[in-house]
Amino acid sequence: MQHKKLLVAMVAAGLSMPALAAADITIYGRAHLSVDLLDDGADYSEVNISSNSSRLGFKGERQFTPELTAIFQIEQEIQFDSSESGETFTTRDTFAGLKGDWGMLRIGRFDTSFKRARGPANFFGDQVGDLRNIARTTDHGRFDERFRNTLHYRTPTLNGFVWDLDFSTDHRNQTTAEGGDNRAYSTSLNYKNGPFTGAVAFERQNIENSPNPEAWRLAAAYQITPEFTLAGFYQKSESAAENEGTVVGVAGQYRLSPTMYLNAHYFALDSDLTDKDANLFALGLEYRVDRALRFYGNFAMMDNDDASALNPWSQARTSGPSGVAGETATAFSLGMRYDF
């Protein structure tokens, strides 16, 4: 992502130029749009325009001592195709904190460590076919979340290992209730060494007067050759209704040329609920003009068991119908992503 560093002249706000010069402030964002033909396998087959996790953000840092730097970030989802009333300007990762040789500590609302751990195996992030369409379901627990009221610590890198730990005093409400039990915990151990990247993660979401959902996740990728990367994914989760689901699958990326990439993955959901299994397949071709600008064309398909109503387009996107139980949902997508 290409960032533009700003010395913002906010004289009207009463900030002096020396104070501004001491802070490194960045404005950044992403415009991610696609045109999609979505078919639910029953009565719906239409062209949609979708804004896919597009965003605008501000972040900055200031070093006070060699061991202590203050950081902040404010990030908002931008819906280029439509707008929603009542949204605040902090719908995405928003926090303040400190970092140094000892690691990073921050407080706010942001992606959980468990959510970030899927990264090595998700080559279709924020596109049709996104792994979350089968790994993040209501029946088996919704674990790819941002917690409210969260304290996060990240260790420094040690021999390729990094440990992340999140604690939320109340992940469901704005204010922690007296005697409430909506605390949540999310953690991941990440490792990167040469061509190998991997993560193992655990999350538990305490819910008052209910069984507590929890999940394990393992994702790994290995660059077998300079052109070919192979990845694998495993997740076992249990919802508040004590329904269990297991998702396993493989993914791959092949660089056809310096600017062209072929992506594919297959994931299977095994549910302990009757007729709730599903299979997700995606195939895509991506052209990268630059790291900041890319175009792609994807095909994705969700094959549902008789009682399963998932689809390959519901996550991280603004448009699309619900799935239909027992039907095979398909999507063709042409998209553009511009990071600025």
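Up top you'll find the structure we're talking about.
Quick caveat, the model's predicted, so the values are computed rather than measured. Sequence positions are assigned chain by chain, starting from 1 and proceeding in written order. Per-residue local features are limited, in this predicted model, to residues with pLDDT of at least 70; the limit for side-chain atom pairs, both in listing and counting, is 80 or more; totals at the level of whole chains, interfaces and linings are taken over all residues. Excluding hydrogens and water, the side-chain figures rest on all heavy atoms present in the structure.

### A few points about the nonpolar core
Next up, step 1: Here, the term nonpolar core denotes a set of buried Ala, Val, Leu, Ile, Met, Phe, Trp, Tyr and Cys residues that are joined through side-chain atoms within 4.5 Å. The buried label applies to any residue whose accessible area, calculated with a 1.4 Å probe on protein chains only, is under 20% of its type's maximum; exposed applies above 50%, and partly exposed to all values in between. Counting 25 residues, the largest nonpolar core has Ile134, Phe233 and Phe267 as its most contacted members.
Next up, step 2: Numbering of helices and strands runs from the N terminus, with a helix taken as a DSSP run of H or I at least four residues long and a strand as a DSSP run of E at least two residues long. Those elements that place two or more of their residues in this core are α3 (132-135), β12 (214-223), β13 (228-238), β14 (244-255), β15 (260-271), β16 (278-290), β17 (293-304) and β18 (328-339).
Next up, step 3: When residues of this core are assigned to their parent elements, the largest contribution, 3 residues, is made by β16.
Next up, step 4: By definition, residues are in contact when any of their heavy atoms lie within 4.5 Å. Excluding anything up to four places from it in sequence, phenylalanine 267 contacts Ala121, Leu131, Ile134, Phe233, Val247, Val248, Gly249, Val250, Ala251, Ala278, Asn279 and Leu280.
Next up, step 5: Within the second largest apolar cluster, 6 residues are counted, among which are Phe114, Ala117, Ala199 and Ala215.

### Quick look at the pairing of strand β7 (residues 103-111)
Next up, step 1: Paired strands, in this sense, are two strands between which DSSP finds at least two bridges. Sheet topology places strand β6 (residues 94-100) next to β7; 7 bridges connect them, and they run antiparallel. Note on β7: the bridge partner recorded for glycine 100 is glycine 103.
Next up, step 2: Linking β6 back to β7 in an antiparallel pair, the connection comprises 2 residues.
Next up, step 3: Taken together, the 7 bridges between β7 and strand β8 (residues 146-154) define a ladder with antiparallel strand orientation. The partner of glycine 108 across the bridge, within β8, is threonine 150.

### Some thoughts on the pairing of β18
Next up, step 1: Bridging between strand β2 (residues 24-39) and β18 involves 10 bridges; their strand directions are antiparallel. Paired with valine 35 across the bridge in β18 is leucine 334.
Next up, step 2: Looking at chain direction, β17 and β18 are connected through 11 bridges and run antiparallel. Residue pairing across strands places methionine 301 opposite threonine 330, the latter belonging to β18.

### A word on the pattern of salt bridges
Next up, step 1: The rule for a salt bridge is simple: a side-chain nitrogen of Lys or Arg has to be within 4 Å of a carboxyl oxygen of Asp or Glu. Per the stated rule, a full pass over the model turns up 23 salt bridges.
Next up, step 2: In this structure, glutamate 286 and arginine 288 form a salt bridge, with 2.6 Å as the shortest nitrogen-oxygen distance.
Next up, step 3: A relative accessible area of 22% means that arginine 288 is categorised as partly exposed.
Next up, step 4: Salt-bridge contacts for aspartate 339 lead to arginine 337; the nearest nitrogen and oxygen are separated by 2.9 Å.
Next up, step 5: It is possible to trace a salt-bridge network through shared partners that takes in Arg30, Arg55, Asp126, Asp130, Arg132, Arg337 and Asp339.

Spatial relationships are all this shows, so hold off on functional conclusions.
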